[in-house]
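# Structural description and commentary
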Amino acid sequence: VTAGTLHGSARAAPEPDADPAAAFDSFIPRAPRHSLDQLVLDPDTIESIREAINVLVSQDLLYETWNLAAVARTGRRVALNFFGPPGTGKTLAAEAIAHFLDRKILVVSYAELESKYVGETPKNIRAAFRQATETGAVLFFDEADSILGKRLTAISQSADSGINVARSTTLIELDNFDGVAIFASNLVKNYDTAFLRRMLAHVEFRLPAVEERQRIWEGHVPPQLPLAPDVDFARLARHSEGAAGGDIQNAVLLAASYASMRPPQTRVVTLADFERAIAFLLEGKRRILE
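Basis of the calculations
- Residues numbered from 1 in each chain as written.
- Predicted model: local features only at pLDDT ≥ 70, side-chain atom pairs only at ≥ 80, totals over all residues.
- Heavy atoms only, no water.
- Helix = DSSP H or I, 4+ residues; strand = E, 2+ residues; numbered from the N terminus.
- Buried < 20%, exposed > 50% of the residue type's maximum accessible area, 1.4 Å probe, protein only.
- 1 Å grid on protein atoms, 1.4 Å probe; cavity = no way out; pocket = protein on both sides within 12 Å on 5 of 7 lines; lining within 4 Å.
- Points joined across faces, edges and corners; volume = space filled by probe spheres on them.
- Nonpolar A, V, L, I, M, F, W, Y, C, P; charged D, E, K, R; others polar.
- Pairing = 2+ DSSP bridges.

The next point concerns the environment of E211. Within the secondary structure, E211 is located in helix α10 (residues 210-219). Residue E211 is classed as exposed on the basis of its relative accessible area, which comes to 54%. For the pair E211 and A237, spaced 26 residues apart in the sequence, the C-alpha separation amounts to 7.2 Å.

Estimated volume of the largest pocket: approximately 720 Å³. Along the wall of the largest pocket there are 31 residues; nearest its centre are G87, T88, G89, L92 and G246. Those elements that place two or more of their residues in the lining of the largest pocket are α4 (90-100), α7 (145-148), β4 (180-185), α10 and α12 (245-260). A total of four residues in the lining of the largest pocket trace back to one element, the largest contributor, which is α10. For the lining of the largest pocket, the class distribution of residues is nine nonpolar, 14 polar and eight charged.

Turning our attention to the pairing of β4. β4 sits mainly inside the fold: six of its six residues count as buried. Summarising the sheet, strand β1 (residues 78-83) and β4 pair through six bridges and their orientation is parallel. The residue bridging A79 from the neighbouring strand is A181, located in β4. Sheet topology places strand β3 (residues 138-141) next to β4; three bridges connect them, and they run parallel. Across the sheet, F140 pairs through a bridge with I182, a residue of β4.

In structure tokens form, the structure reads like this:
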């Protein structure tokens, strides 16, 4: 597929924000830091991402030449759901899509949306969507289950009502959005079905297989990092089953830290350093998840 220009369509605009300046200015799109050729994912995930991208770059053909605009109730909005364990590349993939489309990315976490002041969270949600609309940025929601979760039926306090208002606001804004929105979660089973129906594609991110783990190990070691002759990335890949890409990245940093504690003439990272680091990280995860 090749990148193309995405055009908006005539649809109802979102409700104006009651206080544009403060919330709007807090969401700043940035240039993506990763590209598609940097992704190390299983083939099924890569194929799903490429199929989703093709919907984006073929919009003129789909909506104008073939007139799918006549039946598309969602306009040209493309909403994708990325789900899978932490550290498996969901954020990297969102950035790679933005890079491919030659767009900036607006990354929004639940912590940025939530506010201790009643009524602020919906305002922040509206501001994030409006900023993405005005800048053409890819809108990426991390920890999306926090805002796309099932709406509460037993309301016991004002905070519960606030959660439902925030989720309803997200639905309304998504329905009025003509851009690219990507939602990522480790807890996709918590999603409200109303959100699931609005997703063009659900892309699963799995823990990397051994071949992918080797490429991730190799990709996270810069040329400047001094390595001992015994470092064997194929062996590290075999001995790091269950590790996500984020775990391997942290293991490289931790192993380098071990080496930095030695006398200058012996500051090289050994196979034992890498194995100790990844074992430490995976054991920590195992204990937490037990």
